[in-house]
Each structure stands twice: as structure tokens, then as C-alpha cells.
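As a plain string of letters, each chain reads:
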Amino acid sequence: MKAGLPANEAERLAALRRYDILDSGAEQAYDDLTRLAAHIAGTPIALISLIDRDRQWFKSKVGLEATETPRDVAFCAHAILRPGDTLVVPDATRDRRFADNPLVTGAPAIRFYAGAPLVTPEGQALGTLCVIDSQPRQLSEEGLAALEALSRQVVAQFELRRTARELHEQLANREVYLAQLEDYQKQLSEENRELQRASLTDALTRIGNRAALDLRLDEEIARAQRHGTALSLLLADADHFKQYNDTWGHPAGDVVLQMLAQVLRRRTRASDFVARYGGEEFAVLLPTTDRDSARRVAEQIRVAVEATGFPERKVTISAGVATFGGSIRDRESLLRAADEALYAAKRGGRNRVVHAADMTQ
């Protein structure tokens, strides 16, 4: 189904022209944001898409060769009709707007789509930052919030581009121009760094989130392979946490999660990496730590948690540990081994540590 035109189409196109962005070359700042969007959403395709009069043009793209498509088939043409909302299509084949779309029935066989509108300070939606998959799926609330935050950063880049051009045109004094432009660049660089930190931080516990863990795991595995050093991973789960929430409420449960994160931070080294893996589950990445040392660290953490004065009642954890090497040769197998050890600890009575190597002996 072809999307209609926004009520402010003339003003929207005029705003797009003012940024002088269409048909411009590739730029690192935009490509970084697109890659980050694809990583956070876990999709093979991510695009910065701008809706021109008759076409959809991609300022930046990951996982797609095309540089533009007709506007008539663009999902983003639908997304800009509601600038205040991110358009999420879990399965395009089940959506009457897109089921017969050639981008669905043919390459790239779109099934999942999420597009956060790129909205100017004046309220015109120029296009979207979108993520696409060939498999039906959903986007978590955290992933949705991160995509929307990244879309705002794309617009900030547009504003910087416009400001730089206007300064170049208006300022006769080159030294003043360069000084102001440098200030804008520094400000934007700091905003980019802060945005990246926020997108990789768990909002409740202020430690790393799952996306941050995945990135750090890849880095540490590559380092362990390159230098032949040890690497271990600990997964810990708060015992009977649902019962705690049901009895004392989610606010009290949130306090427990925050306190658990603090215990994990205090009981690990600066070189270790602590993250919230999901729900009441935490991960600790232990570089240069072999099997026996990792088991000792996990036991120390378990004892520390048990000795902590939590509100309402005692809280304990079950922990699973795995060490890189042997059949464990990549991120997935390391996570899987630690997860299996964690569930063995739960089955064994909880409030205990199990190393994956102990399960095969």
C-alpha cells in the first residue's frame, strides 16, 4: 500500500533541502550510528533513510547494496506520517500495508522493520533511522529507546552540518569560523560519547547491559586467542527472585538488583567486566582468569551476596562459570557453557557455584 503525503510535505521537503544532505558522500559519523543501531537491534540491515519527493535515499547503510528505492515502496514513507512514534512492523507479511510490497515479496525479503523518524527541531520528519531483518521478530523496550536516541543523534549531525555551512557562508573571519566550528565538533563528540555510554549501560543498575557484554566478550576472546591468555565467564542469578517481587513488590526488587550490582563491582577487579545479563541475571567477564581462579572468584561473590543485608530478607545467588578453551571457542559456546552450569547450580539446590568443567568430569 502506497503511503500518503504528510500534511506538511512542502515544508518537510524544504527542510530537507536546507540540510544539503541528499546525494552527499559517505561520512564516518553517520556510519558509526548505523552500525551501532544494527548491533543494538541485532539486525543484519540498518539504514539512515531520507524521503525525497519521489525516492528514498540512504545516507548510510549496513547490510544493503542499494543506495535508494522508489518512495512508493519505502516503509519509511509510512513512518514519517507519525513523527512522534517509531514504526514497528513485527512481520510485514501479516501487515496489509506491506504484504504485497516488492521489498517484502522480493529482495531483501523484509519481514521485521523498525523505523525511528528523523525529526528536525521544527517538527519535520525527514526520514528514519531504521533496522530491518528477513525474519519476523520484536524489538525490546530498551532496544526501541536506544534506536530513538540514535535517531536524535542523526538529526544532531544534520544540524551540525547546516550550522557549519551557514558559518562558512556568513563568517568573513576564518579564525572565528574555525574556532566556532571546533566548539561544535567538540560538543557533538562529547554527546556522541555520552550516547554510546548510555546505549551500553543498564538504566537500573548503571552497569553494562547485554549489548555491552557482547561487545566486550568479542574483544576479550580475540585478546585471549591472540596472546594465549586465560578467560572465564560467570553468570549469576538471584535465587527465588520472582517470589521476592511477588511478596514485596517490584520497587523492592529493583533495590535488590541495584545492591547485587554493587556487590559484584566491589568483588571484582578493575579489569573485569560486570553486566546485567537480563532480568535478575548478571554476568562477570574475567580476563586472564583460569578455571580454578574463576571458581574461587565466583565462590567469593556468592559468599559476599549471602552476607549482604538486603531489605526484607536474605538474598542468595546461584552461579555458573565457564572457561574459554577446548570445545569452548567462541562467544556463543562460552555463554552456553556458563548458562548450563548456572542451571546445574539451580538444580543442585541453589546458593552454590558450578563450573562447566565439573559437569563433564
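Note: the structure precedes this text.
Notes on the structure follow. (Residues numbered from 1 in each chain as written. Predicted model: local features only at pLDDT ≥ 70, side-chain atom pairs only at ≥ 80, totals over all residues. Heavy atoms only, no water.)

## Structural notes on the side chain of Glu9
Which entries qualify depends on this criterion: Strands here mean DSSP runs of E at least two residues long; helices mean DSSP runs of H or I at least four residues long; both are numbered from the N terminus. Side-chain atoms alone can form a polar contact between residues adjacent in sequence; in general such a contact is a pair of N or O atoms within 3.5 Å, and within protein one must be able to donate a hydrogen while the other accepts it.
Among the secondary structure elements, Glu9 is positioned in helix 1 (residues 9-19). Side chain to side chain, Glu9 and Arg71 meet in a polar contact 2.7 Å long.

## Here's the deal with helix 8 (residues 241-248)
Each full turn of the α-helix corresponds to 3.6 residues, which orients residues three or four apart in the same direction. Put simply, the rule reads: Using a 1.4 Å probe on the protein chains alone, a residue whose accessible area is under 20% of its type maximum counts as buried, one over 50% counts as exposed, and one in between counts as partly exposed. By construction, the arc corresponds to the directions joining the helix axis to the C-beta atoms. Pairs of residues are marked as contacts when any of their non-hydrogen atoms sit within 4.5 Å.
Among the residues of helix 8, those classed as buried are Phe241, Tyr244 and Asn245. All buried residues of helix 8 fall inside an arc of 95° around its axis, so they share one side. Relative to its buried face, helix 8 has exposed residues pointing more than 90 degrees away, namely Lys242 and Asp246. Its buried side turned inward, helix 8 meets strand 7 (231-238) and helix 9 (250-266). Following helix 8 by one or two positions, Gly249 has its phi on the positive side, about 95°.

## A word on the pattern of salt bridges
To keep it simple, the criterion reads: In what follows, salt bridge is the name for a side-chain nitrogen of Lys or Arg lying within 4 Å of a carboxyl oxygen of Asp or Glu.
Following the criterion strictly, the structure yields 28 salt bridges and no others. Here Arg55 makes a salt bridge to Asp23, at a shortest N to O gap of 2.8 Å. With Arg55 in strand 2 (residues 55-62) and Asp23 in the loop between helix 1 and helix 2 (28-41), the pair connects residues that are 32 residues apart, well separated along the chain. A residue is classified by how much of its surface remains accessible, and Asp23, at 51% relative accessible area, is exposed. Several salt bridges share partner residues, and in doing so they unite Arg17, Asp23, Asp52, Arg55 and Glu68 into one network.

## Looking at the environment of Val154
By the element assignment, Val154 lies in helix 5 (residues 141-170). For the pair formed by Val154 and Ala261, sequence separation is 107 residues and the distance between their alpha carbons is 32 Å. The contact partners of Val154, leaving out residues within four places of it in the chain, are Tyr30, Leu33, Ile48 and Leu118.

## Focus: the environment of Arg165
Structurally, the position occupied by Arg165 is in helix 5. For Arg165, a relative accessible area of 25% translates into the label partly exposed. For the pair Arg165 and Ala307, spaced 142 residues apart in sequence, the C-alpha to C-alpha distance is 61 Å. If sequence neighbours within four positions are ignored, Arg165 has contacts with Arg18, Tyr19 and Asp20.

## Description of helix 10 (residues 291-307)
Formally: Working rule for helices: expected span equals 1.5 Å times residues minus one.
For helix 10, built from 17 residues, the straight-helix expectation of 24 Å at 1.5 Å per residue is met to within 8% by its first-to-last C-alpha distance of 25 Å. The complete set of buried residues in helix 10 reads Ala294, Val297, Ala298, Ile301, Arg302, Ala304 and Val305. Axial view of helix 10: buried residues confined to an arc of 165°, hence all on one face. For helix 10, the elements touching its buried residues are strand 7, helix 9, strand 9 (281-287), strand 10 (317-323) and strand 11 (353-355).

## Some thoughts on the packing of aromatic side chains
The test is simple: Stacked, tilted and edge-to-face are the three classes assigned to paired rings of Phe, Tyr and Trp, where Trp is represented by its six-membered ring and a pair needs centres within 6.5 Å; plane angles under 30 degrees give stacked, over 60 edge-to-face, the rest tilted.
Evaluation of the coordinates by the stated rule reveals six aromatic pairs. Ring geometry for Tyr30 against Phe158: centres 5.8 Å apart, planes inclined by 40°, an arrangement best described as tilted. Here Phe158 lies in helix 5 and Tyr30 lies in helix 2, a separation of 128 residues in the sequence. The pair Tyr30 / Phe158 is uniform in exposure class, with both members buried. For the ring pair Phe75 and Phe98, a centre distance of 4.0 Å and an interplane angle of 10° mean the geometry is stacked. Of this pair, Phe75 sits in helix 3 (residues 75-79) while Phe98 sits in the loop between strand 4 (87-89) and helix 4 (102-105), and the two are 23 residues apart along the sequence. Overall, Phe75 belongs to the buried group, its relative accessible area being 2%.

## Considering the packing of helix 8 against helix 9
Selection rule: Simply put, an axis is a line fit to the C-alpha atoms, just over the touching stretch for a helix, and the angle between two N-to-C directions goes from 0 to 180 degrees. Throughout, the term roughly parallel applies to angles under 35 degrees, roughly antiparallel to angles over 145, roughly perpendicular to angles from 65 to 115, and oblique to all others. All amino acids are sorted into three groups, where Ala, Val, Leu, Ile, Met, Phe, Trp, Tyr, Cys and Pro are nonpolar, Asp, Glu, Lys and Arg are charged, and the leftover types, Gly among them, are polar.
Here helix 8 crosses helix 9 at 135°, and the two axes come no closer than 7 Å. Between helix 8 and helix 9, the angle is such that the two are oblique. Contact residues: helix 8 offers Phe241, Tyr244, Asn245 and Trp248, while helix 9 offers His250, Ala252, Gly253, Val256 and Leu257. Its residues assigned to classes, the contact of helix 8 with helix 9 comprises six nonpolar, three polar and no charged.

## Examining the pairing of strand 5 (residues 112-119)
As a reminder, the rule being used: Any two strands between which DSSP finds at least two bridges are classified as paired.
Of all eight residues in strand 5, seven are buried; the element is thus mostly enclosed. By the bridge criterion, three bridges tie strand 4 to strand 5 in an arrangement that is antiparallel. Residue pairing in the sheet places Leu87 in a bridge with Gly115 of strand 5. Relative to strand 6 (residues 125-133), strand 5 is paired through eight bridges, and the arrangement is antiparallel. From the neighbouring strand, Pro117 faces strand 6, where its bridge partner is Thr128. As consecutive antiparallel partners, strand 5 and strand 6 are separated by five residues, and within that stretch Gly123 has a phi angle of approximately 100°, a positive value.

Taken by themselves, the reported measurements are silent on function.
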